[in-house]
Amino acid sequence: MNAEYSLSTATGPEKTLSELKMVLNEMNEDGSEQEDSGCLESDVIAKGNILESFTESQEIRELINALGSVHGDLILRETALEKFKVILNKYQEQPHLLDHHLEWMLNSLLDIIRDEASAPSLIHMTFQFLYIISKVRGYKTFLRLFPHEVVDVQPVLDMLVSQNPKDYETWETRYMLLLWLSVTCLIPFDLARLDGNISSLEGCPRVPIMDRILTVAKFYLTVSDKARDAAAVLVSKFITRPDVKQKKMADFLDWTLSTLSKSSFQTIEGTIVMDGMLQALAQLLKHGKREDCLPYASTVLECLDNCKLSESNQTLLRKLGVKLVQRLGLTFLKPKVAKWRYHRGFRSLAANLQFSASGPVSQKVVNAAGVEEEEEEYDIPGEVENVIEQLLIGLKDKDTIVRWSAAKGIGRLTGRLPKELADDVVGSVLDCFSFQETDNAWHGGCLALAELGRRGLLLPSRLSDVVPVILKGLSYDEKRGACSVGSNVRDSACYVCWAFARAYDPLELRPFVNQISSALVITAIFDRDINCRRAASAAFQENVGRQGTFPHGIDILTAADYFAVGNRANCFLNISVYIAGFPEYTQSMIDHLVNIKINHWDPIIREFSTKALHNLTPRAPEYMTSKVLPKLLPLAIGTDLHTRHGAILACAEITHALSKLAEENKRSITSYLDEKTLEGLKQIHVELCRRQLYRGLGGELMRPAVCALIEKLSLSKMPFRGDPIIGGWQWLINDTFQSLHLVSSNARQQIKELVVSALAALCTEYYCIEEEGANLAKRDELVNQYISGLQSHEEMIRCGFSLALGALPKFLLKGKLQEVVEGLKGVTSISPEYVSFAESRRDGLKAIAKVCLAVGVKGDGSPSEVVCKSNVVQIYNTLLDGLKDYTTDSRGDVGAWVREAAMTSLMEMTLLLARTESELIDANVSKQIMCCVAQQSAEKIDRFRAHAGSVFLTLLHFDSPPIPHIPHREDLQKIFPRSEAVTFNWNAPSQAFPKITQLLGLPSYRYHVLTGLTVSVGGLTESTVRCSSQSLLDYLKGIQSDMNAMSSFCETLVQVFEDNLLNDRVSVPLLKMLDQILANGCFDIFLAEENHPFPMKLLTLCKEKSRRSKDIQKLRSSIAVFCGLIQFPGDIRKKVLFQLFLLVCHPFPVIRTTTASQIYEMLITYSDIAEPDIIEEVMAILSDTNWDAELPLLRKQRNYLCDLMKVPKPQLVVKNT
């Protein structure tokens, strides 16, 4: 079973260990590792294969064939290139699928290049195609297919020489030609033969091909584009030729080192040149024979030391420097594999698991005497020490790619060293793991250990030193200011564990299994970063499959797989509980949370950790009481703020969990907690108060933490009744309410919620006297203090005391209900002085509903004790007034918060009355509620529309018993069937507005729904405007033939306009809505009657709205409506034209221009309002006149227009001074 699971699931987690891919790719690049590669499985990399074959071959063929016809047109050329890129880029993850098609693609493209008739633009485009293929497949594989006959050398070189290196658009051509030249120069003939009989041309001697190639290579090593990389490849192939290295290698190296020493990484030009030189040297040392490079290695190393690349801020230069150093180190050492390496017996998973099940088989490390003698005879050059020292420094570099290159270099070099020296290297690597070192050193050290382990160079005898370091790395988290570093260290430590699982026999790792498994599990479920959790899960899976010794491995993997650990909350709160069910992991998980996570820099992690401790308490209650709580109590009053915060929350959660456990077992909480612990819990507040730790920024953490502690201890029914600590807790709660305005806005909401919860729990547990109910003195003190706080000049204090009153239990409200409701009513009303206090009005409305729910309902009861006949109307009116709050400030529509709270409170209140005494719900109140909520569900803000819709459907479909007196209940249930109530998406305008507009057909709802729709149709949000206007127009077209329905709609429309004439929030959108309705011919039914009263009323209202207005938006909307009203026959046309001609001479030029333009369009649309020749002349004047000119001139033109259209001329009114 183990083998089957590991084999089937080994494909997922490797994706998280990106280093693994780099390791194996690097193995193929380095010729020196060929002997090692035999012990690596070929299928180690698991890719997310989703493609099965190269399916676009025909499309690619067509694109290549069409090159001749598209290269001349810029648009066609870019389209073809983009299409080619998109197709091939799909295969970046699976480039091997292209292998069967590379040859015909290459040949087709090369045929175009070789064709002498091909235009330069066609050749460049062809090379772009070649570059895209080489980028996707990798140039090393692609190069093998290039033709490399003797006849190819001269043409390729000539083509390359003819290129313009400064043409930035054709760099792909130069890049591919350099790569092609690097293949062609591998021909097995002396290049001198290609020169033939070098004859002079006009007295100038011809340059030998060898010199020409070298000149080209040198030149392109210093260019700034990608051709520099290809030039380095060319150098590595060309200089290592037998004939070239004899004649040119020494000179080339001399030139390279000279250029390198003259360049400076302080300038951009110097950086480019140094990059080219370093690439060339690295490639040369990689591909050249050791005996050829060894004579120059010391000189190169010395020059490299003088360059001081480690001081450069260019990451690439430092990376190339480390790469070159390791190549030099490999040159100094003989290419042999260390015989002392650790050899694991089995590489097959199935065989390994079969072995682990059957029993141990001895593994051995070869240490033959002959080997030792051989090692003694082999002298290590002194330069190797310098090389290793530089690589060890590279492990601490600030950039990952440099550290990774150094780690690979350490691994490669150690494999060629004698055992004693190799052990010294391991010791030096382990020195990276001191707490004086930075996270960079820890990360580099982990990568180096993984490399050493993977290559069998970390002997089992060293595991006792290495494993503790890796365990520290798995929890490495160093605070830096407001955050921390170390996620890369933890990720690389997981990689080490992954590598060790493959490298060592289960017998070798058996002493460390419990430590490693616990550490990986803890990282997989408790790490802050998702990449570390997934890396740990992958490493755990690899160990389960390869080692087969991890306790409960399969069960844990099933719960904490790659995808499950992606959700942090799920890890902390659910998966952890399951894994803690296995005793091997329980204590280590709890210890990790207590020692490391509760003092984490991230408050979210601290809170998750304390909740996790709550969930884990039932797994180990004795351990929690005997070990954890005694440890936490001193930390809860310690000096470090984060530790104190986490410890207080942890005490609260653990105590609450223990109380639940005690309740389940029908025991008292004191059976778990001794007197010392109880005293310690009480002392937390006392000590914090004494040290004044509730003040300042630290107080923003301490106050909510202690409030959470008060809540949990109260819920746990701690035996503190009558204890002075209750007074201390009450003081803290009251002081926090008084101090809310001093708290930062980020923390304010959380503190409000926690302090209200603490107050509710404290009052319920400690202020109730069973025989008498409430402590009357305490009740009067609290309620009077909170009601007086509602009059505060600070908004947040009002919010706090409103919510406090809402949190009081019934026995404290008895006899005080009338005072409380009156006080909250004062908070929710809008007064000129406190108009911006939207949040306090919101919390006041919430509190009213909570108070009503707390005291209950009794129809003939006292208004000072319960909700009854005499106060229910007052409560409803207060809540309904909240739906009229449209306050706006710099934050936007803050009144929406109040309306949302009002809707919620109305729903809660109505459902309460319906369940208890539904006769208290008056028909008029029921109608008001449904109509006002329907209006909110037609408005423009998605979130609040959705909330209103949810409330509307809840009230409509409530049947325990049904809400009485809902107008048109049957019609509403047809429009909103119960089956759709759950799935209906009110947030989506396309779903909400077609339903809402149907309510326009119900008389009771028409006015309110039309008011809400007006704001949406005339709004700014495109999707809302589009869907709402379309739904309204569809409704109007549906009632076109029904005169009664249209008349009712128009009467309501006029009524909405009249009621909101001075309210720009409704009237301006209404003008925009009228423009749309008029433009779509929705009032055509009224065209048959001259001087119909409806358009006359609209005209009068529009005139009133635009009179003396200086609002550009309002005036533009009015102009559009005036132009729409011209369609109605009768005297209205003269009045409309009079208004428009008045506006055509408005003081604002933009209004004059807009009016003239709109009149012109109106005359085109409604050409029947005058004789054709008059219309034509008016349009000519409108279009020819400059309406930005001086007003006296424009008035003459305007008056002439009035004469033409037979409209009275506007008279200029002289202002009295």
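All figures in this text were calculated on a predicted structure; none of them were measured in a lab.

Undergrad: Can you tell me about the overall build of the protein, naming the residues and giving the values?
TA: Within the protein one finds 59 helices and four strands. Within the protein, the proportion of its 1217 residues that are buried is 56%. Of the contacts formed within the protein by residues at least 6 apart in sequence, a portion of 73% connects residues at least 24 apart. Only carbon and sulfur atoms are counted for the fraction: they give 51% of the accessible area of the protein, which is about 52,600 Å². Computing the positive centroid from 132 side-chain charges and the negative centroid from 148, the protein places the two 3 Å apart.

Undergrad: Report on the pattern of salt bridges, specifying residues and quantitative values.
TA: Note that side chains of opposite charge can pair when their charged atoms are close. Evaluated as defined, the whole model comprises 55 salt bridges. With its nearest N and O atoms 3.3 Å apart, the salt bridge here joins Arg-943 to Glu-900. You can see Arg-943 sitting in helix α47 (residues 942-957) and its partner Glu-900 sitting in helix α45 (residues 895-916), a full 43 residues away along the chain. Note on Arg-943: relative accessible area 47%, which makes it partly exposed.

Undergrad: Tell me about unusual backbone geometry, residues and numbers included.
TA: The omega torsion across Ser-960 and Pro-961 is -5°, close enough to zero to call that bond cis. In this fold, Pro-961 is placed in the loop between α47 and α48 (969-975). Look at Gln-692: it is not a glycine, yet its phi comes out positive at around 55°. Position of Gln-692 relative to the elements: it lies in the loop between α35 (675-690) and α36 (696-715). Overall, Gln-692 belongs to the partly exposed group, its relative accessible area being 46%. Positive phi, close to 55°, is recorded for Lys-717, a residue that is not glycine. Tracing the backbone through its elements, the reader meets Lys-717 in the loop between α36 and α37 (724-738).

Undergrad: Please provide a residue-by-residue account of helix α22 (residues 419-430), values included.
TA: With twelve residues, α22 ought to run about 16 Å at 1.5 Å a step, and its terminal C-alpha atoms sit 16 Å apart, in line with that. As for α22, its buried residues are in contact with α20 (383-394), α21 (400-414), α23 (439-454) and α24 (463-474).

Undergrad: Give a detailed account of the packing of aromatic side chains, specifying residues and quantitative values.
TA: The full count for this structure, using the stated rule, is 34 aromatic pairs. Look at Phe-500 and Tyr-504: their rings are 5.3 Å apart centre to centre, the planes differ by 90°, and that puts the pair in the edge-to-face class. Both rings, one in Tyr-834 and one in Phe-837, keep their centres 5.0 Å apart while their planes meet at 35°; by these two values the pair is tilted. Each member of the pair Tyr-834 and Phe-837 is classed as buried.

Undergrad: Report on the packing of α45 against α47, specifying residues and quantitative values.
TA: α47 packs onto α45 with a crossing angle of 10° between their chain directions and a minimal axis gap of 10 Å. Judged on the interaxial angle alone, α47 and α45 are roughly parallel. Listed contacts from α47 to Ala-896, Trp-897, Glu-900, Met-903, Thr-904, Met-907, Thr-910 and Leu-911 of α45 are Arg-943, Phe-944, His-947, Ala-948, Val-951, Thr-954 and Leu-955. In terms of residue class, the contact of α45 with α47 is made up of nine nonpolar, four polar and two charged.

Undergrad: Outline a negative patch on the surface, supporting the account with residue identities and numerical values.
TA: On the surface, Glu-1171, Asp-1173, Glu-1176 and Glu-1177 cluster together to form a negatively charged patch. With respect to the helices and strands, the residue Glu-1177 is situated in helix α58 (residues 1172-1184).

Undergrad: Describe the side chain of Gln-279, with residues and values.
TA: Here Gln-279 is to be found in helix α15 (residues 268-287). Here Gln-279 falls in the buried class, since its relative accessible area comes to 15%. Among the polar contacts listed, one links the side chain of Gln-279 to the side chain of Asp-229, at a separation of 2.7 Å. Of the polar contacts made by the side chain of Gln-279, one reaches the side chain of Asp-275; its length is 2.9 Å. With sequence-adjacent residues up to four places away left out, Gln-279 is seen in contact with Arg-228, Asp-229, Ala-232 and Leu-320.

Undergrad: Describe the confidence of the model for the protein, and please don't skip the residues or the numbers.
TA: On average, residues of the protein score 88 in pLDDT, and 92% of them are at 70 or above. A low-confidence stretch, residues 1-48 stays under pLDDT 50, and its non-local contacts, those more than four residues away or across chains, total 85 contacts. A low-confidence stretch, residues 359-376 stays under pLDDT 50, and its non-local contacts, those more than four residues away or across chains, total 29 contacts.

Undergrad: Can you explain the nonpolar core? Please cite residues and give values.
TA: One recurring pattern in soluble globular proteins is that nonpolar side chains are buried together. In this structure, Leu-999, Tyr-1005 and Phe-1083 are the most contacted members of the largest nonpolar core, which totals 402 residues. Ranked by residues supplied to this core, first place goes to α45 with eleven residues. Aside from chain neighbours lying at most four places away, what touches Leu-999 is Ala-934, Phe-952, Leu-972, Ile-975, Phe-976, Tyr-1005, Arg-1006 and Val-1009.

Undergrad: Pulling in residues and values, what's your account of the environment of Asp-602?
TA: As for its position among the elements, Asp-602 is in the loop between α31 (583-597) and α32 (603-616). For the pair formed by Asp-602 and Ala-482, sequence separation is 120 residues and the distance between their alpha carbons is 8.5 Å.

Undergrad: Pulling in residues and values, what's your account of the packing of α20 against α21?
TA: Contact geometry for α20 and α21: axes closest at 8 Å, N-to-C directions at 145°. Two packed elements cross with a definite hand, and for α20 against α21 that hand is left-handed. Seen from α20, the contacting residues are Val-387, Ile-388, Leu-391, Leu-392 and Gly-394; seen from α21, they are Val-402, Arg-403, Ala-406, Gly-409, Ile-410 and Leu-413. A class-by-class count of the residues in the contact of α20 with α21 yields eight nonpolar, two polar and one charged.

Undergrad: So what about the environment of Leu-281? Which residues, and what values?
TA: For Leu-281, the position within the fold is in helix α15. For Leu-281 and Arg-327, which are 46 residues apart along the polypeptide, the C-alpha to C-alpha distance reads 9.2 Å. For Leu-281, the residues in contact, after removing those within four places along its chain, are Leu-253, Thr-256, Leu-257, Leu-260, Val-300 and Leu-324.

Undergrad: Which residues make up the environment of Pro-603, and what values go with them?
TA: Mapped onto the secondary structure, Pro-603 falls in helix α32. Sequence-wise, Pro-603 and Asp-640 are 37 residues apart; in three dimensions their C-alpha atoms are separated by 14 Å.

Undergrad: Describe the state of the cysteines, listing the residues and the values that go with them.
TA: Per the counting criterion, the structure on display carries zero disulfides. Sulfur of Cys-532: no disulfide; nearest cysteine sulfur belongs to Cys-494 and is 6.3 Å away. According to the relative accessible area criterion, Cys-532 is buried, its value standing at 0%. Left unpaired, Cys-1145 is separated from the closest cysteine sulfur, that of Cys-1202, by 8.4 Å. For Cys-1145, a relative accessible area of 9% corresponds to the buried category.

Calculation criteria
Residues numbered from 1 in each chain as written. Predicted model: local features only at pLDDT ≥ 70, side-chain atom pairs only at ≥ 80, totals over all residues. Heavy atoms only, no water. Helix = DSSP H or I, 4+ residues; strand = E, 2+ residues; numbered from the N terminus. Buried < 20%, exposed > 50% of the residue type's maximum accessible area, 1.4 Å probe, protein only. Contact = heavy atoms within 4.5 Å. Areas by Shrake-Rupley, 256 points an atom, 1.4 Å probe, with all protein chains shown as cover. Lys, Arg positive; Asp, Glu negative; His and termini not counted. Charge placed at Lys NZ, Arg CZ, Asp CG, Glu CD. Salt bridge = Lys/Arg side-chain N within 4 Å of Asp/Glu carboxyl O. Expected span 1.5 Å × (residues − 1). Phe/Tyr/Trp six-rings, centres within 6.5 Å; stacked < 30°, edge-to-face > 60°. Axes fitted to C-alpha atoms, helices over the stretch in contact; angles between N-to-C directions. Parallel < 35°, antiparallel > 145°, perpendicular 65-115°, else oblique. Nonpolar A, V, L, I, M, F, W, Y, C, P; charged D, E, K, R; others polar. Patch = residues over 30% accessible without salt bridge, like charges linked within 9 Å, V, L, I, M, F, W, Y side chains within 5 Å. Polar contact = N/O pair within 3.5 Å; in protein donor to acceptor, adjacent residues only side chain to side chain. pLDDT = per-residue confidence, 0-100. Core = buried A, V, L, I, M, F, W, Y, C linked by side-chain atoms within 4.5 Å. Left-handed = near helix turned anticlockwise from the far one by under 90°. Disulfide = S-S within 2.5 Å.

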